[in-house]
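Analysis of the macromolecular model
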Amino acid sequence: MAEAITVARPYAEAVFRLALESKDLSQWSKILQIAAEIAQDDQIKLLVGNPLVSAMQLSELILEIGGKKFTREARNFIKLMVENKRVHVMPQVMELFEQLKAQHEGVLEAKIITAFKLEGGQLDKLVTDLEKKFNRKVEAQVSVDPEIIGGVKVEIGDEIFDASVRGKLEAMTIALKS
């Protein structure tokens, strides 16, 4: 995974600069999402690296699948990715682009993991509290994981706030072993 991120980073940064210059950040988000979905398709994965399929054939197939959703610049970008044998890192390019976009827009992405589905305004209150703490807008991706037993776990960047029952139990276990 780290290698794919390293390979994808220069492409993501180049696309981000291009999107900033053309003031098309949201359009490029959509384009990269589509390209990443195409690249993750099992049939496309079989064609990537297949010696019987030329780079031109693969490019044409991907561009045909994307159709009119790809701009001229996007079409050139996809051709470049195929020619450089980088189709497999398209999902990482999209992720890195989204991180750069969020950073540019002053938005933090938070992964919120709860034991149960949040009811009513619980999620809104949690997001509001995070926005106050970080003094920035927070976009939350919420998932439910019953294994944390209760409470909530929040991941923002490289910071993890673990207020889950499972996390507290693990901390107690470590403390008792010391």
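For clarity, every value in this text was computed on a predicted model and none was experimentally measured.

Thoughts on the packing of helix α4 (residues 55-66) against helix α5 (residues 72-83)
Following both chains from N to C, one finds α4 and α5 inclined at 140°, their axes separated by 9 Å at the closest point. Comparing their axes, α5 and α4 come out oblique. As α4 packs across α5, the resulting crossing turns out to be right-handed. Note on element contacts: α5 touches α4 through R75, I78, K79, V82 and E83, opposite A55, L58, S59, I62 and L63. Its residues placed into classes, the contact of α4 with α5 shows six nonpolar, one polar and three charged.

Focus on the sheet that holds strand β1 (residues 107-114)
Pairing is mixed in the open sheet, where four strands are placed in the order β2-β1-β3-β4. Sheet topology places β2 (137-144) and β4 (159-164) at the edges, where each strand pairs with a single neighbour. For this sheet the average axis-to-axis angle between neighbouring strands, irrespective of direction, equals 20°. Of the strands in this sheet, β1, β2, β3 (151-156) and β4 are in contact with helix α7 (residues 122-134), which crosses β2 at around 140°.

Some words on the nonpolar core
W28, L32, F77 and V93 are the most contacted members of the largest nonpolar core, which has 33 residues in total. Those elements that provide at least two residues to this core are α1 (2-22), α2 (25-40), α4, α5 and α6 (90-104). With residues near it in sequence (within four places) discarded, W28 still touches V15, L18, A19, S22, E73, A74, F77 and F97.

Quick notes on the rules
Residues numbered from 1 in each chain as written. Predicted model: local features only at pLDDT ≥ 70, side-chain atom pairs only at ≥ 80, totals over all residues. Heavy atoms only, no water. Axes fitted to C-alpha atoms, helices over the stretch in contact; angles between N-to-C directions. Helix = DSSP H or I, 4+ residues; strand = E, 2+ residues; numbered from the N terminus. Parallel < 35°, antiparallel > 145°, perpendicular 65-115°, else oblique. Left-handed = near helix turned anticlockwise from the far one by under 90°. Contact = heavy atoms within 4.5 Å. Nonpolar A, V, L, I, M, F, W, Y, C, P; charged D, E, K, R; others polar. Pairing = 2+ DSSP bridges. Core = buried A, V, L, I, M, F, W, Y, C linked by side-chain atoms within 4.5 Å. Buried < 20%, exposed > 50% of the residue type's maximum accessible area, 1.4 Å probe, protein only.

By themselves, these observations are geometric and do not establish any function.
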